[in-house]
Amino acid sequence: MKRIWWTAVAIGCALTSPALAQTSTNPPPPTPSNPPPQQVTGTDPDFPRGRVSGLVFGDVYYDVTGNPNHVYTNGADVLPAYIDPSTPSATNPAAQPNVIGKDLNGLQIRRVYFQLDNDLSIKVATRFRLEADSKELTSGGKIGVFVKAAYVQVKNVLPSGNLFVGMTNTPTFENSEEYWGYRAVEKTLVDLRGLGPASDLGVNLKGFVDGSLRIGYSAMIGDGNGQKPENNRYKRLYFGLPLRPMENLRIEPYVDYEDFAGNADRALYKLFLGYEMKRAAIGAELADQVIHVEGARNREPFGLSFFARGKATEKVGLFARYDRWQPNTRAADRIDTDLYIAGVDWEPYKDVHFMPNIEATQYRARGAADAPAHHDLQARVTFYYRFSKP
């Protein structure tokens, strides 16, 4: 009987062993089509790393109206070819305008940037930029080259705040110029009228006070001489407060102040407004500068600028602008200026632009001042392109 029992148990085990093997939860052994996962070893960031970039812009131009009384010196016309507003000064407080020469024409490269950016670490970076400017000529009359930027940037010295030391951009019109978007066509109001430098030697702290990046700041102390070496013991203080209360709205109040020897000083007050739409944007800039001059009458230049830009198609844009400029509102006898700009922006390839446009000025006499007998009208095709590697 026992033998029959053990025989039955042996037969049952033999029958159930294949079934247990088929329901096992153990994974199958690796096969060439199902290799085991491999662990990826992390690598350190690639520092230092650099990038070369730059831009070029210029025009083919023709002066439709202007001063027809040409005067030549050594074969060169002494009348200006470009609309180049003069700024108030001690020797020219009324800022007498420079009227262009009628029928002058040509091709001119107005600006070249060559820039090297270098990331030394995740927190420290440098920038070096050379500028070639058609207005800054060498002693031989060729286009001159000078240093436009040379600074060290330390990131996140404060939460969302970066420190710049060296020759760095000022907050004077940095944001309004970027928003205008057509520096290749013309400078912004404050830059055009010489109310402040684009860059200066100094220290700049720039960033945001909130995590949503709606309240910004840019506080700088600089020499006040722009790209020129310092020549006195006084400094220029800059402060901009870029705000974005709504996604499409930009507001930026700005002020700077510089003291001089004696009882002289100057202060610039500026307000920039911008509103972005789906395919267009509008902007405005207001500037008022108060200049106290020891032993002379104080001056107060004032200006307003309104502009608009938009996209007609993916490759074609439109832009227009109007400026009203008063060189000294405290002078009864002065010449005010209205500036008009309009054009089309064609981008056949990325970062390559051809922009047919016109720029015109109208002069308005106030008090006993005599306005120029001729206004300015220049027709041109502005070209612009950027490059970078890598």
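Digging into the overall build of the protein
Next up, step 1: Counting its secondary structure elements, the protein contains 3 helices and 19 strands.
Next up, step 2: Residues classed as buried in the protein amount to 38% of the 390 residues present.
Next up, step 3: Taking the intrachain contacts of the protein between residues at least 6 apart in sequence as the baseline, contacts between residues at least 24 apart amount to 56%.
Next up, step 4: Only carbon and sulfur atoms are counted for the fraction: they give 61% of the accessible area of the protein, which is about 22000 Å².

Focus on the packing of aromatic side chains
Next up, step 1: According to the stated counting rule, one finds 10 aromatic pairs in the structure shown.
Next up, step 2: Between Trp180 and Phe307 the ring centres are 5.3 Å apart and the planes differ by 65°, which places this aromatic pair in the edge-to-face class. A residue pair is termed long-range when its members are at least 10 positions apart, and Trp180 in helix α2 (residues 174–180) and Phe307 in strand β15 (residues 302–311) qualify at 127 residues.
Next up, step 3: Residue classification places Trp180 among the buried positions, given a relative accessible area of 1%.
Next up, step 4: You can call Phe307 buried: its relative accessible area is 7%.
Next up, step 5: With centroids separated by 6.0 Å and ring planes inclined at 35°, the aromatic side chains of Trp346 and Phe354 adopt a geometry described as tilted.
Next up, step 6: Assessed through its relative accessible area of 43%, Trp346 is described here as partly exposed.
Next up, step 7: Taken together, Tyr179, Trp180, Tyr182, Phe272, Phe307 and Phe319 form an aromatic cluster joined through their ring pairs.
Next up, step 8: The side chain of Lys206 reaches across the aromatic face of Phe164, ending 4.9 Å from its centre.
Next up, step 9: Above the plane of the ring of Tyr179 lies Arg309, whose end atom (NZ or CZ) is 4.9 Å from the centre.

Observations concerning the environment of Asn232
Next up, step 1: Structurally, the position occupied by Asn232 is in the loop between β9 (216–222) and β10 (236–240).
Next up, step 2: Note on Asn232: relative accessible area 28%, which makes it partly exposed.
Next up, step 3: Spatially, the C-alpha atom of Asn232 lies 8.6 Å from that of Phe260, the residues being 28 residues apart in sequence.

Details of the confidence of the model for the protein
Next up, step 1: Of the residues in the protein, 87% reach a pLDDT of 70 or more, and the chain-wide mean stands at 90.
Next up, step 2: pLDDT under 50 marks residues 1–25. Its contacts with residues more than four places away, or in other chains, come to 0 contacts.

A look at the nonpolar core
Next up, step 1: One finds Tyr182, Val185, Phe319, Met355 and Tyr384 to be the most contacted residues of the largest nonpolar core, which totals 17 residues.
Next up, step 2: Those elements that provide at least two residues to this core are β1 (49–65), α2 and β17 (334–349).
Next up, step 3: For Val185, the residues in contact, after removing those within four places along its chain, are Arg110, Phe319, Ile341, Met355, Asn357, Glu359 and Arg380.
Next up, step 4: One finds Leu189, Val190, Tyr238 and Ala287 within the second-largest nonpolar core, a separate group that totals 10 residues.

Notes on the environment of Asp288
Next up, step 1: Within the element layout of this structure, Asp288 appears in strand β14 (residues 280–292).
Next up, step 2: Spatially, the C-alpha atom of Asp288 lies 9.7 Å from that of Thr329, the residues being 41 residues apart in sequence.
Next up, step 3: When neighbours within four sequence positions are excluded, Asp288 is seen to be in contact with Ala267, Leu268, Tyr269, Glu300, Pro301 and Phe302.

Things to note about the pairing of strand β5 (residues 124–137)
Along any regular strand the residues' side chains alternate between the sheet's two faces.
Next up, step 1: Across 9 bridges, the pairing between strand β4 (residues 105–119) and β5 is antiparallel. Counterpart to Leu116 in the pairing with β5 is Phe128.
Next up, step 2: Counting the residues in the hairpin turn of β4 and β5 gives 4 residues.
Next up, step 3: In the sheet, β5 pairs with strand β6 (residues 143–158) via 11 bridges, with the strands oriented antiparallel. From the neighbouring strand, Phe128 faces β6, where its bridge partner is Ala150.
Next up, step 4: The loop that links β5 with its antiparallel partner β6 comprises 5 residues; one of these, Gly141, has a positive phi angle of about 85°.

Re the pattern of salt bridges
Next up, step 1: Tallied over the entire structure, the rule returns 24 salt bridges.
Next up, step 2: Arg127 serves as the salt-bridge partner of Asp117, at 2.6 Å between the closest nitrogen and oxygen. A residue pair is termed long-range when its members are at least 10 positions apart, and Asp117 in strand β4 and Arg127 in strand β5 qualify at 10 residues.
Next up, step 3: Classification of Asp117 as buried rests on a relative accessible area of 13%.
Next up, step 4: Arg321 serves as the salt-bridge partner of Asp323, at 2.8 Å between the closest nitrogen and oxygen. The same class applies to Asp323 as to Arg321, namely buried.
Next up, step 5: Three or more residues are tied together by salt bridges with common partners; here these are Arg111, Glu131, Asp133 and Lys148.

Remarks on the pairing of β4
Next up, step 1: One ladder, built from 14 bridges, connects β1 with β4; its direction is antiparallel. Paired with Ser53 across the two strands is Gln115, which belongs to β4.

What counts and how
Residues numbered from 1 in each chain as written. Predicted model: local features only at pLDDT ≥ 70, side-chain atom pairs only at ≥ 80, totals over all residues. Heavy atoms only, no water. Helix = DSSP H or I, 4+ residues; strand = E, 2+ residues; numbered from the N terminus. Buried < 20%, exposed > 50% of the residue type's maximum accessible area, 1.4 Å probe, protein only. Contact = heavy atoms within 4.5 Å. Areas by Shrake-Rupley, 256 points an atom, 1.4 Å probe, with all protein chains shown as cover. Phe/Tyr/Trp six-rings, centres within 6.5 Å; stacked < 30°, edge-to-face > 60°. Lys NZ or Arg CZ within 6 Å of the ring centre and 35° of its normal. pLDDT = per-residue confidence, 0-100. Core = buried A, V, L, I, M, F, W, Y, C linked by side-chain atoms within 4.5 Å. Pairing = 2+ DSSP bridges. Salt bridge = Lys/Arg side-chain N within 4 Å of Asp/Glu carboxyl O.

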